Amino acid sequence: MGFTIEFSELTKDVSIPSLFDAINEWVSPEGKHLVVIIDEVQELNKMRGGYSLLPIFAYVYDSLRNIPFVFAGSKVGTLYNYLSLNDPDSPLYGRYIEIIELKPFTHEQPLGFLRREFSRAGIIVSEDLIGKAMDELDGVVGWLSLFGLTYISNPGPPEALDRTIGIASGIVEEEFCNFARLWVQGGMCQ
């Protein structure tokens, strides 16, 4: 896309805030923005050494108007927990955010989605299996995509759907526990 970041040999230590400062200075005269998209934000919670990027995100938000962030993740409860938006001690507390939630498909959309993607892959899948996948996975975009990829990588009607349901069930259980930890102390999810 015509954008690279290079460090000179003389540069021994580059801080993340100074990198964002340089990017902001670069885009400002152009009147442009550089959108930083961080997918699977909840994985940042697993950083070793107790290092948190939240103060850096707050600094960029407060000081560098040409660098907006988009945080995305499949585990919404963990994402909210990591960003600590409702915690007064969090560096991001009180910052304006816009939440965009990807809703499940309508009843007809997953049927067309699965048919189209299987056709693109050159795989013929029965309407019964597509209907069963739609019913079992409740039109959730990520789960339908996972089912399609699982089926395409190792075709097998019941096995692909069963594997997808197993993964989806684990995600739902983890999300439930993340929300429980966030809103209710104690309980079965400790």
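The structure we're discussing is the one just above.
This write-up is about the structure you can find in this document. None of the values given here were measured: they were computed from a predicted structure.

Looking only at helices and strands, one finds seven helices and two strands in the protein chain. Each helix (α) and strand (β) of the protein chain, taken in turn from the N terminus, gives the series α-β-α-β-α-α-α-α-α. The buried share among the 190 residues of the protein chain stands at 32%. For the protein chain, the share of sequence-separated contacts (at least 6 apart) that also reach a separation of at least 24 residues comes to 65%. For the protein chain, the exposed area adds up to about 12,900 Å²; of that, 57% sits on carbon and sulfur atoms.

Our focus in this paragraph is the side chain of Asn24. Along the chain, the position of Asn24 falls in helix H1 (residues 16-27). Of the polar contacts made by the side chain of Asn24, one reaches the backbone nitrogen of Asn66; its length is 3.3 Å. Apart from the residues lying within four places of it in its own chain, the contact partners of Asn24 are Leu64, Arg65, Asn66 and Ile67.

Judged by nonpolar contacts, the single largest core of 22 residues is most densely connected at Phe20, Phe57, Tyr82 and Leu83. Broken down by element, the residue count for this core peaks at five residues, all from helix H2 (residues 54-63). Residue contacts for Phe57: discarding those within four places in its chain leaves Ile38, Leu44, Phe69, Phe71, Tyr82 and Leu92. Judged by nonpolar contacts, the second largest core, of 18 residues, contains Leu111, Leu114, Leu129 and Ala160.

Parameters and conventions
- Residues numbered from 1 in each chain as written.
- Predicted model: local features only at pLDDT ≥ 70, side-chain atom pairs only at ≥ 80, totals over all residues.
- Heavy atoms only, no water.
- Helix = DSSP H or I, 4+ residues; strand = E, 2+ residues; numbered from the N terminus.
- Buried < 20%, exposed > 50% of the residue type's maximum accessible area, 1.4 Å probe, protein only.
- Contact = heavy atoms within 4.5 Å.
- Areas by Shrake-Rupley, 256 points an atom, 1.4 Å probe, with all protein chains shown as cover.
- Polar contact = N/O pair within 3.5 Å; in protein donor to acceptor, adjacent residues only side chain to side chain.
- Core = buried A, V, L, I, M, F, W, Y, C linked by side-chain atoms within 4.5 Å.

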